[in-house]
Amino acid sequence: MLIHRVVGLLTSLCLIVSVYAAASTTVLFAPGETMPRVGFPPVRPGKAELAEYDGRKAIRCSWDAKESEWYEFSFQGTYTLPDIYVGEIVVELWQPADCKAEAFNLRLADRDGETTQFTMLLDRAQSGWQSYSFELDTAKKMPGSWGKEDTLNKHFDLPIRVAGVSIRFADKESAGEIGLGAVRLKSILAQPSVELITGTPIHILRPGDEAQLALAISNPGLGVLPISGRYVISDAWQATLHDQPFSLPLPAGRSVSLPLPVPTKRGVYYVDITLNDSRQELSRRVSYSYMTPAGPTTEQPRGFLFGVQSHSWRYPVADQKLEAQAMALCGAKIRRCSSTWAQIQPKADDERNFAVFGDLLAIYEQQGLDSQVCFLNYPSWARDPNWQPANPDYANRFGSRGVAMLDLKHYGDFVHAFMTQFRHRVTYVESWNEPDLLSFANFSVEDYIAIMKVFYESVKKASPEARVLTGGYTALKLPYPERSSHPDHMALSMAEAKGFYEIHAFHGHGSHARYIPQIIGLRELHRQLGLDIPWWANETAVSAINIGELAQAETLFKKLLFSWAQGAMGYNWYDLRNDGYDPKENEHNFGLITKDFYPKQAYAAYNALVTLYREAQYLREYTAPEGMQAYLFQAANGDYLIPTWCIDFKGEERLLTLSGINGSVHAVDIFGNETAIASDQGLAFVVAGKAPTTIRVSGQQQQPELVSNIITAPQDISVHPRRDGTFALSLHNPTAGPLQATVSVRSDNGYAITPAELAVDIAAGTTRQIDFSAPAAAAAPAAQAAAPAAAPAPPQAEITVALGEKLRQQFSVPLRYLTVIGKDLPEQPTFVLKDSAQLHSTVVNEPGSSHLFWKGPADLSAAIRLACKDGILTAQVGVTDDKHSQPFTGRDAWKGDNVQLAIATPGQDGMWEIGLTRLADGQSEVTAWAAFKGVDMAAALAQIILTTTRDDERTTTTYTVAMPLAALGIDAAAARQGIAINVLINDNDEGSRESFLVIAPGLGRGDNNSSRYPVICCE
């Protein structure tokens, strides 16, 4: 079980035990001055409104039993219970004298959204205010539950929240009402609670406040808790820094404070706590960010706009204030938010209550933030009565019809009134959210064009100085008609509504590699349409699901700076706070901070970006090595900033050289930690690639240059099992005089490269090539048992180059061992596909598609076994796939569940790309998209034999293929020398490819390139 609620609050450098002022009763919900947000199912109409009964505030729950079998609504705010073992929940209800209900049910939901309800039978002989209660024992199973199928375990996975209510009718024919008052929790047996103390509620540790850093463990219950456990501290790179056991008795109402060691570097640190209180073992992970906050600042935003999306309107005021504080502290100046029309005017005849938005706006203004407002969240009464879905089948496939078209008159009136009310307080306004996506706009592109025009005219009439954005488009193109109402929605709507927007808003969620071609396409669209307007990446990010928090932070760094370099006026990360606690739910893992206000690595990275790049100027793009990007900015203080990174998640180390250096050089990581870099004769060496880096050059006016020919090294070093190989290192001397270079090479696994060390003289302006011998070796000496199936980190050749007396740099080049395959299929797989680093998602990154995101090896994985005998290359691909779906055939088979096999050899022009498919009718099919130049593709395919089987119970599909090498154009000598091979597994669960796993880059994204493929040799 997880500890989640935070109680807290003692800090000290030594362990302290002190009185803990905890109340035995907690108010979970109480009606206040404003109506909480609730939602009714469309099939169960009812009303909920603020009222007073006998001088006490309540929610009037009213119904007509003829219209619905029972009454129910869900709370759309968050009312979370403290973590308890056992407690009593008390519900205050007002009953009329002729009570038409027989039972009131309080619904509770856990961390994963699994929902249950507790029934309280009403005493109908009583009237007025009554108290009802039930016991909650979180160790017992739920009395029944519903929710997402894969989360239904009937266990209370903490935290628990009040999810809603339902009412069972006694009178099935009449109208009735009940007043809902306060809901309270009386703690009977509480869990120990844990809080990380840093001095801020967002868990930021400022330099200078290190003495406050402590772990507070509290006992809010009524009895002594014998506590034992341990805490483990790790950093962003998963290195364990501290491991401390502890044991102590914790009296009732007491708290202990355990001081934590002081961090040495900026960034996010994790504290994993395990507690045993004699009842059960509890565990929790908390985190803090060691950083100097980049905000808040009072000045108006200038230059590039740093923004963050938030959903503060969903939460209580206390949470709203914390969110505003969190956003300001990391340096954001723009909050993207909803206009909250549905809350401002829930009913058509209601007077507009602009305080709903204005009060929240003021909270952010107090933190120095401006708001960029999106007009989407409209009330149901404003729907167009004549609306027809653009895709009527959408509801059948995704359980929701998507957002309907609204009445343009109501829309225009509200936009005008809103902008009149908030003129001079709201500058940037957006007509819709993701209008090209059916889940947000299940209406025609023509309807959206009409929205754009009405929106622009309504805004400008009320606030001429406001800046009008298009709706934030989801992607350059979307699958039609499955996901969008038009195949070229963005291009068509922007062309037809030209003149009715001033800023192009674009999203493009997902990885940086997928983002690049979309932004290139966006800029091309501007050229085609003759648009001379800015664009804004006003909601884009990637979820930490599958890739982890570090890769999420690195993606923020890449996408923000790339957007800026491509002409964007700003960047809004989506979003501030995780939407929930489920580590497998895509929408629960987008935040910069967790649901309970602990920083993630992206939060520290955002803060460092603002600190370094605020009010900087973009200058130009460098020509970077293949697979990398590098740009030149100038900071507000005159320093030159050179951000550089590898495009893919897991980059490899590269050596970059800067020329034109007469100042000082530092490498700055994504959290702001700086490392000095030596320079000499105008040159500086920088190792980059494994992680995004900013190279900061200070104290000079001349722009530094990025040069690629000073040191040229291979991307990897091939090690053949039977023959010696060679590789070359090139050194260039760009100076006016001679240089002496020393080079040393050693391998971290003991593999011997010769020469191990040498010195060479390089004349001015010349290049010297140094050849090295890579002797034959059967397998990596340090990892033979594990490689390659377990995919360990490859062994490295550590190369040190010194040019002259001051320039010295070490960098790594991976050793790529060729795999020898035997005559029979091996027991252990030759290759395994099951890691998130091998995954490429093609799903549209939006809430309606969250169920399609990869959930782990049980969702999709593969074991590949290879053998070569009598000139036949055999591959057995055992795929684990929870659902086999293949509606396609032939060259379209890649769109369904399918295996793609790529083969290349040094002596052939081109490569083979072969498809292995189990068709919908159970037949096996082999196809090909490419072949060696001069090889008869049809004749070769005719000789390939494929058998497939499917086991639905074990959710496995097995593909076994026998391929005559001669038919493919590969002779015996080439097979012994080495065959480059790659395997890709496509996954389709709902009509189109949603993701694929691939062994190596260079297949599946239109970038076919065998240089990174593993190489096999036949015995």
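Conventions adopted
- Residues numbered from 1 in each chain as written.
- Predicted model: local features only at pLDDT ≥ 70, side-chain atom pairs only at ≥ 80, totals over all residues.
- Heavy atoms only, no water.
- Helix = DSSP H or I, 4+ residues; strand = E, 2+ residues; numbered from the N terminus.
- Rg over C-alpha atoms; globule rule 2.2 N^0.38 Å.
- Buried < 20%, exposed > 50% of the residue type's maximum accessible area, 1.4 Å probe, protein only.
- Contact = heavy atoms within 4.5 Å.
- Areas by Shrake-Rupley, 256 points an atom, 1.4 Å probe, with all protein chains shown as cover.
- Lys, Arg positive; Asp, Glu negative; His and termini not counted.
- Charge placed at Lys NZ, Arg CZ, Asp CG, Glu CD.
- Salt bridge = Lys/Arg side-chain N within 4 Å of Asp/Glu carboxyl O.
- Core = buried A, V, L, I, M, F, W, Y, C linked by side-chain atoms within 4.5 Å.
- pLDDT = per-residue confidence, 0-100.
- Pairing = 2+ DSSP bridges.
- Axes fitted to C-alpha atoms, helices over the stretch in contact; angles between N-to-C directions.
- Parallel < 35°, antiparallel > 145°, perpendicular 65-115°, else oblique.
- Left-handed = near helix turned anticlockwise from the far one by under 90°.
- Nonpolar A, V, L, I, M, F, W, Y, C, P; charged D, E, K, R; others polar.
- 1 Å grid on protein atoms, 1.4 Å probe; cavity = no way out; pocket = protein on both sides within 12 Å on 5 of 7 lines; lining within 4 Å.
- Points joined across faces, edges and corners; volume = space filled by probe spheres on them.
- Expected span 1.5 Å × (residues − 1).
- Arc of directions from axis to C-beta.
- Polar contact = N/O pair within 3.5 Å; in protein donor to acceptor, adjacent residues only side chain to side chain.

Visitor: Outline the overall build of the protein, listing residues and values.
Guide: Per the secondary structure count, the protein includes 13 helices and 59 strands. Relative to the 2.2 N^0.38 estimate, which gives 31 Å for 1019 residues, the radius of gyration of the protein is 31 Å and therefore close to what a compact globule would have. With the principal axes as the frame, the protein shows a C-alpha extent of 100 × 70 × 70 Å. Each of the 1019 residues in the protein was classed as buried or not, and the buried ones make up 56%. Of the contacts made within the protein by residues no fewer than 6 positions apart, 73% connect residues no fewer than 24 positions apart. A total accessible area of about 40100 Å² is found for the protein, and carbon and sulfur atoms account for 49% of it. Taken as two groups, the 88 positive and 112 negative side-chain charges of the protein have centres that lie 2 Å from each other.

Visitor: Got a sec to walk through the pattern of salt bridges? Specific residues and values, please.
Guide: For side chains bearing opposite charge, pairing can occur when the charged atoms are close. Summed over the entire model, instances satisfying the criterion amount to 33 salt bridges. When the shortest N-O distance is used, the salt bridge between Glu-72 and Arg-44 registers 3.3 Å. Highlighted residues: Glu-72 in strand 6 (residues 70-75) and Arg-44 in the loop between strand 3 (38-39) and strand 4 (47-53), separated in sequence by 28 residues. Given a relative accessible area of 13%, Glu-72 falls into the buried group. Of the charged contacts in the structure, one is a salt bridge between Arg-60 and Glu-49, with a shortest N-O distance of 3.5 Å.

Visitor: So what about the nonpolar core? Which residues, and what values?
Guide: If you look at the biggest cluster of nonpolar residues, it comprises 116 residues, and the most contacted ones within it are Phe-375, Phe-418, Leu-556, Tyr-603 and Tyr-606. Per element, the largest residue contribution to this core is 9 residues, and it comes from helix 6 (residues 445-462). Other than its neighbours up to four places away in sequence, Leu-556 contacts Tyr-571, Trp-573, Leu-592, Ala-602, Ala-605, Tyr-606 and Leu-609. Residues Leu-833, Ala-862, Ala-931 and Tyr-959 belong to the second largest nonpolar core, which totals 43 residues.

Visitor: Now, about the confidence of the model for the protein: what can you tell me, with residues and values included?
Guide: The share of residues in the protein with pLDDT of 70 or more is 95%, and the mean pLDDT across the chain is 90. When the criterion is pLDDT under 50, residues 1-23 qualifies, and its contacts beyond four places in sequence or with other chains add up to 88 contacts. Below a pLDDT of 50 lies the segment residues 781-791, which in the model reaches 13 contacts outside its immediate sequence neighbourhood of four places, other chains included.

Visitor: Tell me what's going on with the sheet that holds strand 36 (residues 683-688), and back it up with residues and numbers.
Guide: Taken in spatial order, the 4 strands of this open sheet run 35-36-32-38, and their pairing is antiparallel. Each edge of the open sheet carries a strand with a single partner, namely strand 35 (679-680) and strand 38 (705-707). Sheet topology places strand 32 (residues 654-659) next to strand 38; 3 bridges connect them, and they run antiparallel. Each residue of the ladder has a partner; that of Thr-657, found in strand 38, is Val-707.

Visitor: If you had to explain the sheet that holds strand 40 (residues 717-719) to someone new, which residues and values would you point to?
Guide: In space, the 5 strands of this open sheet follow the order 40-46-45-42-43, with mixed pairing throughout. The open sheet terminates on both sides in strands that have one partner only, identified here as strand 40 and strand 43 (757-762). Direction aside, neighbouring strands of the sheet carry axes that sit 25 degrees apart on average. The pairing of strand 42 (residues 739-747) with strand 43 spans 6 bridges and is classified as antiparallel. If you follow Gln-740 over to strand 43, its bridge partner there is Asp-761.

Visitor: Give a detailed account of the packing of helix 8 (residues 512-529) against helix 9 (residues 548-565), specifying residues and quantitative values.
Guide: Here helix 8 crosses helix 9 at 15 degrees, and the two axes come no closer than 11 Å. In terms of their interaxial angle, helix 8 and helix 9 are classed as roughly parallel. Viewed along their axes, helix 8 and helix 9 form a crossing whose handedness is right-handed. Here His-512, Tyr-515, Ile-516, Ile-519 and Arg-523 of helix 8 come into contact with helix 9, specifically with Thr-555, Lys-558, Lys-559, Phe-562, Ser-563 and Ala-565. For the contact of helix 8 with helix 9, the per-class residue count stands at 5 nonpolar, 3 polar and 3 charged.

Visitor: So, empty space enclosed by the protein: which residues are in play, and what are the values?
Guide: Within the structure shown, the criterion is met by 7 cavities of 30 Å³ or more. Taken together, Thr-297, Glu-299, Gln-300, Pro-301, Arg-302, Phe-304, Leu-305, Phe-306, Gly-331, Lys-333, Arg-614 and Glu-615 make up the full set of residues lining the largest cavity. Grouping the amino acids of the lining of the largest cavity by side-chain chemistry returns 4 nonpolar, 3 polar and 5 charged.

Visitor: Could you give me a rundown of helix 9, with the residues and numbers involved?
Guide: Compared with the 26 Å implied by 1.5 Å per residue over 18 residues, the 26 Å span of helix 9 between its first and last C-alpha is a close match. For helix 9, a buried count of 15 out of 18 residues is recorded, marking the element as mostly surrounded by other parts of the structure. Directly beyond the C-terminal end of helix 9, a positive phi value near 95 degrees is found at Gly-567.

Visitor: Outline helix 7 (residues 489-496), supporting the account with residue identities and numerical values.
Guide: Along an α-helix, a turn takes 3.6 residues, which lines up residues three or four apart on a common side. Turning to helix 7, its buried residues are His-489, Met-490, Ser-493 and Met-494. Seen end-on, helix 7 carries its buried residues on one side only, within an arc spanning 110 degrees. In the core, the buried residues of helix 7 are packed alongside helix 6, strand 26 (504-506) and helix 8.

Visitor: So, the pairing of strand 52 (residues 898-904): which residues are in play, and what are the values?
Guide: In terms of residue burial, strand 52 counts as a mostly covered element, since 7 of its 7 residues are buried. Going residue by residue along strand 52, you find Asn-898, Gln-900, Ala-902 and Ala-904 tucked away on one face and Val-899, Leu-901 and Ile-903 tucked away on the opposite face as well. Both strand 52 and strand 57 (residues 979-988) contribute to a ladder of 7 bridges, which runs antiparallel. Residue pairing in the sheet places Leu-901 in a bridge with Val-983 of strand 57. Bridge count for strand 52 against strand 53 (residues 912-918) is 5 bridges, and the pairing is antiparallel. Bridge pairing in strand 53 places Leu-901 opposite Ile-914.

Visitor: Could you give an account of unusual backbone geometry, naming the residues involved and the relevant values?
Guide: Residue Pro-481 follows Tyr-480 across a cis peptide bond; omega there is 5 degrees. One can find Pro-481 in the loop between strand 25 (467-469) and helix 7. At the junction of Tyr-574 and Asp-575, the peptide bond is cis and its omega measures out at -10 degrees in the coordinates. Unusually for a residue other than glycine, His-424 sits at a positive phi of about 75 degrees. Here His-424 is to be found in the loop between helix 5 (408-421) and strand 24 (428-430).

Visitor: Could you give an account of the side chain of Gln-309, with specific residues and numbers?
Guide: By secondary structure assignment, the location of Gln-309 is in strand 21 (residues 305-309). Among the polar contacts listed, one links the side chain of Gln-309 to the side chain of Arg-336, at a separation of 2.6 Å. Those residues in contact with Gln-309 that lie beyond four places of it in its chain are Met-327, Arg-336, Glu-539, Trp-573, Tyr-574, Asp-575 and Leu-576.

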